[in-house]
Amino acid sequence: KQKQHRRQESDHLHRAVMEGIVLAMREAYRPIATRVGPPAAIVSAAGGARSHLLLSIKANVFGCPIEVPEESEAGLMGVASLAFAGLGHFGSAAEAAKALIRYKSPTLPHPETQQTYDEMAAAFAKTPCGERVEVAVSCSKGIEIDSGRRMSELLKQELPRVRCAVLTGPNH
């Protein structure tokens, strides 16, 4: 029974850490959302796409479907799209990506859970001193298909008065 209790504590802690990370992602996206609106969908790839719990948390915190590519090495598909476009097999990298990349069934948000996360996000957004900090954190890798620019470059262009940072890690 004690072993089961420890497992439950570990599961709760694991979930709390994931929720904190995704709430921080939402807060980091807030300055972007004020300019372009909420995301219609989010693509999650690599390690972040392997946990159904994490995908569910993302869907509920952001209030949109989370799409996962069928190919686990999504970066390779991006490179292949660029290569095929460069070789003239497709008119653009975007056209190649649309033809080559397939997605699993999306993870959808649940309205009741989403409302709970909206309340949590409001509390999470406040700093200890009660002031808002304008920081955008890019948690994505890769190149934007249409412009060929890195995500950090797009952030600087779209949010010139907001401090931007990049959060990245290993692919494995």
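Residues numbered from 1 in each chain as written. Predicted model: local features only at pLDDT ≥ 70, side-chain atom pairs only at ≥ 80, totals over all residues. Heavy atoms only, no water.

Enquirer: Teacher, can you tell me more about the overall build of the chain here?
Expert: The helix and strand tally for the chain stands at 6 helices and 4 strands. Starting at the N terminus and ending at the C terminus, the chain contains elements arranged as α-β-α-β-α-α-α-β-α-β. Expressed as a percentage of its 172 residues, the buried residues of the chain come to 24%. Considering only intrachain contacts with a sequence separation of at least 6, the fraction spanning at least 24 residues in the chain is 69%. About 11500 Å² of surface is accessible on the chain, with carbon and sulfur atoms providing 57% of the total. (Helix = DSSP H or I, 4+ residues; strand = E, 2+ residues; numbered from the N terminus. Buried < 20%, exposed > 50% of the residue type's maximum accessible area, 1.4 Å probe, protein only. Contact = heavy atoms within 4.5 Å. Areas by Shrake-Rupley, 256 points an atom, 1.4 Å probe, with all protein chains shown as cover.)

Enquirer: I keep staring at the pattern of salt bridges and nothing clicks. Help me out?
Expert: Should the charged atoms of two oppositely charged side chains come close, the side chains can pair. Considering all chains together, one arrives at 5 salt bridges under this definition. A salt bridge links E27 to R30, with the shortest nitrogen-to-oxygen separation between them at 3.1 Å. In this pair, E27 and R30 both sit in helix α1 (residues 2–36), 3 residues apart, roughly one turn of the helix. For the salt bridge of E153 with R150, the shortest nitrogen-to-oxygen distance reads 3.8 Å. What makes E153 partly exposed here is its relative accessible area of 29%. Since its relative accessible area comes to 48%, R150 is described here as partly exposed. (Salt bridge = Lys/Arg side-chain N within 4 Å of Asp/Glu carboxyl O.)

Enquirer: Looking at this structure, how should I read unusual backbone geometry?
Expert: It is generally the case that most residues other than glycine have a negative phi and that most peptide bonds are trans. In the Ramachandran plot, A46 falls in the positive-phi region, its phi being about 60° despite a non-glycine side chain. Exposure remark for A46: the relative accessible area of 30% places this residue in the partly exposed category.

Enquirer: Can you help me understand the pairing of strand β4 (residues 163–166) in this one?
Expert: Residues in a regular strand project their side chains so that they alternate between the two faces of the sheet. In the sheet, strand β3 (residues 135–138) pairs with β4 via 4 bridges, with the strands oriented parallel. Looking at β4, one finds that A136 is bridged to C164. (Pairing = 2+ DSSP bridges.)

Enquirer: Please clarify how the pairing of β3 should be interpreted in this entry.
Expert: In β3, alternate side chains face the same way, and those of A136 and S138 are buried while those of V135 and V137 on the opposite face are not. One crossover worth recording links β3 to the parallel β4 by way of helix α6 (residues 151–158), and it is right-handed. (Right-handed = clockwise from strand over helix to strand, strands pointing away.)

Enquirer: Help me understand a nonpolar patch on the surface in this model?
Expert: Together, L13, V17 and I21 line one region of the surface with nonpolar side chains, adding up to about 290 Å² of accessible area. Inspection of the secondary structure puts I21 in helix α1. Residue classification places I21 among the partly exposed residues on the basis of a relative accessible area of 48%. (Patch = residues over 30% accessible without salt bridge, like charges linked within 9 Å, V, L, I, M, F, W, Y side chains within 5 Å.)

Enquirer: Can you help me understand the packing of helix α3 (residues 74–86) against helix α4 (residues 93–100) in this one?
Expert: A pair of packed helices is characterised by two quantities: the angle between their axes and the separation of those axes. For the pair α3 and α4, the least separation of the axes is 8 Å and the interaxial angle reads 125°. As far as their axial angle goes, α4 and α3 are oblique. Relative to α4, the crossing made by α3 is right-handed. Contacts between α3 and α4 involve M77, A80, S81, L82, F84 and A85 from the first element and A93, A96, A97 and L100 from the second. (Axes fitted to C-alpha atoms, helices over the stretch in contact; angles between N-to-C directions. Parallel < 35°, antiparallel > 145°, perpendicular 65-115°, else oblique. Left-handed = near helix turned anticlockwise from the far one by under 90°.)

Enquirer: Hey, could you run me through the environment of Y117 in this one?
Expert: When you line up the elements, Y117 lands in helix α5 (residues 111–124). For Y117, a relative accessible area of 2% puts it in the buried group. When the C-alpha atoms of Y117 and V61 are compared, they prove to be 5.5 Å apart, with 56 residues separating the residues in sequence. Beyond its immediate stretch of four places on either side in the chain, Y117 contacts R15, E19, L23, R26, I57, N60 and V61.

Enquirer: Even after reading the chapter, I still don't get the nonpolar core, so can you show me in this structure?
Expert: Most often, soluble globular proteins keep nonpolar side chains buried together rather than apart. Within the largest apolar cluster, 10 residues are counted, these being M18, V22, L23, L54, I57, V61, F62, C64, Y117 and A121. Elements with a minimum of two residues in this core: α1, α2 (52–62) and α5. For this core, the element with the highest residue contribution is α2, accounting for 4 residues. The contact partners of V61, leaving out residues within four places of it in the chain, are V22, L23, R26, Y117 and D118. In this structure, L55, A59, I66 and V68 belong to the second largest nonpolar core, which totals 5 residues. (Core = buried A, V, L, I, M, F, W, Y, C linked by side-chain atoms within 4.5 Å.)

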